[in-house]
Amino acid sequence: LVPLEKNPIDIIWKDQPAAPVTPVELHPIGFAGELAKDKLVRLATAIGKDGATHAVLTDPSSIAWAFNIRGGDVPHTPLALGFAILAADGSHQLFMDKRKFSRQVAAYLTQLADPHEPGEFEAAIAALAKGGAKIALDPVLAADRLRMLVEDNGGMVVAAPDPARIPRATKNQAEIN
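Residues numbered from 1 in each chain as written. Predicted model: local features only at pLDDT ≥ 70, side-chain atom pairs only at ≥ 80, totals over all residues. Heavy atoms only, no water.

1. Structural notes on the packing of aromatic side chains
Worth spelling out the cut-off: Side-chain rings of Phe, Tyr and Trp, where Trp is taken by its six-membered ring, are said to pair if the distance between their centres is within 6.5 Å; with planes under 30 degrees apart they count as stacked, over 60 as edge-to-face, and otherwise as tilted. Under the scheme used here, helices are H or I runs from DSSP no shorter than 4 residues and strands are E runs no shorter than 2 residues, and both carry numbers assigned from the N terminus.
Within this structure, the stated rule accounts for two aromatic pairs. Seen from their ring centres, F83 and F121 are 4.3 Å apart, and the 10° between their planes marks the pair as stacked. One end of the pair, F83, is in strand β4 (residues 83-87); the other, F121, is in helix α6 (residues 121-130), and 38 residues separate them in sequence. Each ring, one from F95 and one from F121, has its centre 5.2 Å from the other, and the planes form 70°; the classification is edge-to-face. Placement of the pair is F95 in strand β5 (residues 93-95) and F121 in helix α6, with a sequence separation of 26 residues. Here the aromatic residues F83, F95 and F121 are joined through ring pairs into a cluster of three or more.

2. Thoughts on the pairing of strand β8 (residues 156-159)
So the rule is basically this: DSSP-based pairing: two strands are paired if at least 2 bridges between them are found. Seen with its strands pointing away from the viewer, a crossover is right-handed if its path from the first strand over the helix to the second goes clockwise.
For strand β7 (residues 134-137) and β8, the ladder comprises four bridges, and the chain directions are parallel. Bridged to L137 within β8 is A159. In terms of handedness, the path from β7 via helix α7 (residues 144-152) over to β8 forms a crossover that is right-handed.

Treat this as a map of the structure, not an account of what it does.
The following block contains the structure:
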């Protein structure tokens, strides 16, 4: 296998449907059981324990759990498509189409992370790598393209599981109820 700059399917698939732009909704604390800001503090601590400065979330389920948001981008599943870069120092970034955000959702998310358009994701990874970041990528979930971006730009890849995987699987009392 040889890595390519462009996806060959994208080159030949001329009538691809547009990416979904369904509204993002806030997941009420009564169902989440924990504030997103508290979840993000726990995740930042876990990132540091893994020896990384940052971790990339590529799983929409982890993003939904970490930020207490839900969406409708995936049929029959309450997920909003996007990416997140979490930082051990708390300077998180969320990459999601901003057209999905109402004023209330945008105000909420900007308290938790710097919002960016999805097209800015790879440039943000490259910029962090150029600054010497140690970026945790889940070897099971993250595309090899991300590993190459980090390494080609002087950063270090830390192979670590998605830091939200176990916490989101461990249900608190509100989630159990």
